[in-house]
Amino acid sequence: MINRRTFSKTVGLGAGAAAVSLSGIQSNASAATGPAAARQPGGTSAPTVPSIAPGTHTGFRTLRQIKAGVLDISYAEAGPAHGPVVVLLHGWPYDIHSYADVAPLLADLGYRVLVPYLRGHGSTRFLSRRTPRNAEQSAIALDIIALMDALKIDKAVLAGFDWGSRTADIIAALWPERVTSLVSTTGYVITNLKAQLTPAAPAVEHNWWYQWYFATDRGKQAMENVDERIALCRYVWTLVSPNWNFDDATFQRTAQAFHNPDYAAIVLYNYRWRIGLIEGEPRYDRYEKQLAAQPSIHVPTITLDPALDPFTPPGDGTTYRSHFTGPYEHRTIANIGHNLPQEAPTTFAQAVVDADHL
């Protein structure tokens, strides 16, 4: 999930696809700031995304596999093969189904949409048993660069939430030439390891209970037991998306991704590394050194704050505004929790289209 130090001011907050239905129910999300449609320099309005009910689509027709970097990456694809590319990046504890509604909305507008399983999730696998099951932030970002290289994609719109936001932010900061535009949920979430070493406010630390749990042997045992890890992930869903009335089938479709043999190792590494309990690999040191400087992001960006997400900072994006130096909009999404693309797919898809037209 998100970087606790970035949100140290959150004291007091609560915890190919099927065709799109054009008659779906309007989402209850709303953009508090920014125009309804972004405009190109020439004045052309971005298209309006048709509104659909969350849960209209339950999955993807096919998954593809491609060897990229240290992984054999599993990904869903929708839309025309030669359309402008959008890469949608999921977080923890989620998977590609967070974008089951978003992907067809974008595909119907002519985008080529790619939704990869991150390392340790779903049917993405390491190519070698000898590769360390590393999950520091730059390693995951390099996975996506490798995927783009393998698919011969020079540039793409990147959009994500949670781990996906962080990964997209990193690529936009370190490899801006690969990014057309960016949609980043909860703003600038590149981990600041030095800041992580000092305590946050008590209410913030409370929100991060699972991070401290994963730092213990008890938490490690829970993650390494498939049934216990699935129960834990479902509980997290209820805490961070208090208004999302998902059903068993919705959760179980995602929970299949948690059976990956490297899932526990990747999740534990990520959260333990963030709080300085384990060292990163030397091969990533140069990237982490760059990220420690909290580099600015210059590409066109829309940031989204889900109002009911306990990790959303106060201030309508002001706590991270200075990190974004290019064309920019911020939107606060009412009545929506952490899993924004699955809870409010039309709103998320519209942000992707609008960012592409900034």
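Structure: see above.
Presented here is a report on the structure given in the accompanying data block. (Residues numbered from 1 in each chain as written. Predicted model: local features only at pLDDT ≥ 70, side-chain atom pairs only at ≥ 80, totals over all residues. Heavy atoms only, no water.)

Quick look at the overall build of the protein chain
To keep it simple, the criterion reads: Each helix corresponds to a stretch of at least 4 residues labelled H or I by DSSP, and each strand to a stretch of at least 2 residues labelled E; elements are numbered beginning at the N terminus. The classification of residues rests on relative accessible area computed with a 1.4 Å probe and restricted to protein chains. Under 20% of the type maximum is buried, over 50% is exposed, and intermediate values are partly exposed. Only the protein chains shown count as cover for residues, and all accessible areas are computed by the Shrake-Rupley method using a 1.4 Å probe.
Along the backbone of the protein chain there are 13 helices and 9 strands. Counting over 358 residues, the protein chain shows a buried share of 59%. Total accessible area computed for the protein chain in this model is approximately 13,700 Å², and 53% of it derives from carbon and sulfur atoms.

A short note on the environment of Gly-91
Just so we agree on the cut-off: Note on definitions: a residue-residue contact is assigned when non-hydrogen atoms from the two residues lie within 4.5 Å.
Residue placement: Gly-91 occurs in the loop between β3 (85-89) and α1 (102-107). Here Gly-91 falls in the buried class, since its relative accessible area comes to 0%. Expressed as a C-alpha distance, the spacing of Gly-91 and Thr-167, which sit 76 residues apart in the sequence, is 9.5 Å. Excluding anything up to four places from it in sequence, Gly-91 contacts Phe-161, Asp-162, Trp-163 and Gly-164.

Considerations on the packing of aromatic side chains
The following threshold applies: Aromatic pairing here means that ring centres of Phe, Tyr or Trp (its six-membered ring) are within 6.5 Å. Orientation follows from the plane angle: under 30 degrees is stacked, over 60 is edge-to-face, and everything else is tilted.
Taken as a whole and assessed by the stated rule, the structure comprises 27 aromatic pairs. Each ring, one from Trp-92 and one from Phe-214, has its centre 5.6 Å from the other, and the planes form 80 degrees; the classification is edge-to-face. With Trp-92 in the loop between β3 and α1 and Phe-214 in helix α6 (residues 209-214), this residue pair connects regions lying 122 residues apart in the sequence. Accessibility classification places Trp-92 together with Phe-214 in one group, the buried group. Aromatic side chains Trp-237 and Phe-251 sit 4.9 Å apart centroid to centroid with 85 degrees between the ring planes, which places their arrangement in the edge-to-face category. Placement of Trp-237 in helix α8 (residues 226-240) and of Phe-251 in helix α9 (residues 248-255) is noted, with a sequence separation of 14 residues between them. Judged by its relative accessible area of 0%, Trp-237 falls in the buried class. Accessibility expressed as a relative area gives 1% for Phe-251, which makes it buried. Members of the aromatic cluster, connected to one another through ring pairs, are Trp-92, Trp-163, Trp-208, Trp-209, Tyr-210, Tyr-213, Phe-214, Tyr-235, Tyr-271 and Phe-311.

Things to note about the pattern of salt bridges
Spelled out, the test is: The salt bridge definition used is simple: a Lys or Arg side-chain nitrogen within 4 Å of an Asp or Glu carboxyl oxygen.
Inspection of every chain in the model, using the stated rule, returns 10 salt bridges. With a closest N to O distance of 2.7 Å, Glu-77 and Arg-112 form a salt bridge. On the criterion of sequence distance, the pair formed by Glu-77 in strand β2 (residues 71-78) and Arg-112 in strand β4 (residues 112-116) is long-range, its members being 35 residues apart. For the pair Glu-77 and Arg-112, a shared accessibility class is recorded, and that class is buried. Residue Asp-149 is joined to Arg-178 by a salt bridge in which the shortest nitrogen-to-oxygen separation is 2.9 Å. Taken together, the positions of Asp-149 in helix α2 (residues 137-150) and Arg-178 in the loop between α3 (163-174) and β7 (179-185) put the pair 29 residues apart, joining distant regions of the chain. Taken together, the salt bridges that share partners define one network made up of Arg-64, Glu-77 and Arg-112.

Some remarks on the packing of α2 against helix α11 (residues 285-292)
Applied cut-off: Only the stretch in contact is used when a helix axis is fitted, and all axes are lines through C-alpha atoms; the angle between N-to-C directions ranges over 0 to 180 degrees. Oblique is the label for every angle not falling under 35 degrees (roughly parallel), over 145 degrees (roughly antiparallel), or within 65 to 115 degrees (roughly perpendicular). Just so you know the grouping, Ala, Val, Leu, Ile, Met, Phe, Trp, Tyr, Cys and Pro go in nonpolar, Asp, Glu, Lys and Arg go in charged, and all remaining residues, Gly too, go in polar.
The interhelical angle for the contact between α2 and α11, taken along N-to-C directions, is 110 degrees, at an axis separation of 9 Å. Put simply, α2 runs roughly perpendicular to α11. Contacts between α2 and α11 involve Gln-137, Ser-138 and Leu-142 from the former and Tyr-287, Glu-288 and Leu-291 from the latter. Of the residues belonging to the contact of α2 with α11, the class tally is 3 nonpolar, 2 polar and 1 charged.

Structural notes on the pairing of strand β6 (residues 156-160)
Along any regular strand the residues' side chains alternate between the sheet's two faces. Counted only if it meets this: Only strands joined by at least two bridges in the DSSP assignment are considered to pair. Here is how to tell: hold the view so the strands point away, follow the path from the first strand over the helix to the second, and if it runs clockwise the crossover is right-handed.
The element β6 is largely enclosed, with a buried count of 5 among its 5 residues. Side-chain alternation along β6 places Ala-156, Leu-158 and Gly-160 on one buried face and Val-157 and Ala-159 on a second face that is also buried. Relative to β6, β3 runs parallel, the two being bridged by 4 bridges. Bridged to Leu-88 within β6 is Ala-159. For β6 and β7, the ladder comprises 5 bridges, and the chain directions are parallel. Paired with Ala-159 across the strands is Val-183, a residue of β7. Taking the sense of rotation as the criterion, the β-α-β connection linking β6, α3 and β7 turns out right-handed.

Looking at the side chain of Arg-112
We count it as follows: By the criterion applied in these results, polar contacts are pairs of N or O atoms within 3.5 Å in which, for protein atoms, one can donate a hydrogen and the other can accept it, and in which residues neighboring in sequence qualify only through two side-chain atoms.
On the basis of relative accessibility, which here comes to 12%, the residue Arg-112 falls in the buried class. Only 2.7 Å separates the side chain of Arg-112 from the side chain of Glu-77, close enough to count as a polar contact. When near neighbours in sequence (up to four residues on either side) are disregarded, Arg-112 contacts Glu-77, Ala-78, Pro-80, Ala-81, Gly-83, Pro-84, Val-85, Val-86, Leu-151 and Ile-153.

Remarks on empty space enclosed by the protein
Cut-off, in case you're wondering: Only protein atoms enter the 1 Å grid, on which a cavity is a set of points fitting a 1.4 Å probe that cannot get out and a pocket is an open set with protein on both sides within 12 Å along at least 5 of 7 lines, lining residues being those with an atom within 4 Å of a point. Grid points are joined across faces, edges and corners, and a volume is the space filled by probe spheres set on the points.
Within this model, the largest cavity holds a volume of roughly 40 Å³. Taken together, Leu-71, Ile-73, Tyr-117, Leu-118, Arg-119, Ile-140, Asp-143 and Ile-144 make up the full set of residues lining the largest cavity. Counting residues per element, the ones that place at least two in the lining of the largest cavity are β2 and α2. In terms of residues, the lining of the largest cavity owes the most to one element, α2, which gives 3 residues. Residues belonging to the lining of the largest cavity are distributed by class as follows: 6 nonpolar, no polar and 2 charged.

Here we look at the side chain of Thr-131
The topology assignment puts Thr-131 in the loop between β5 (125-126) and α2. For Thr-131, a relative accessible area of 16% corresponds to the buried category. In contact with Thr-131, other than residues within four places in its own chain, are Val-70 and Phe-126.

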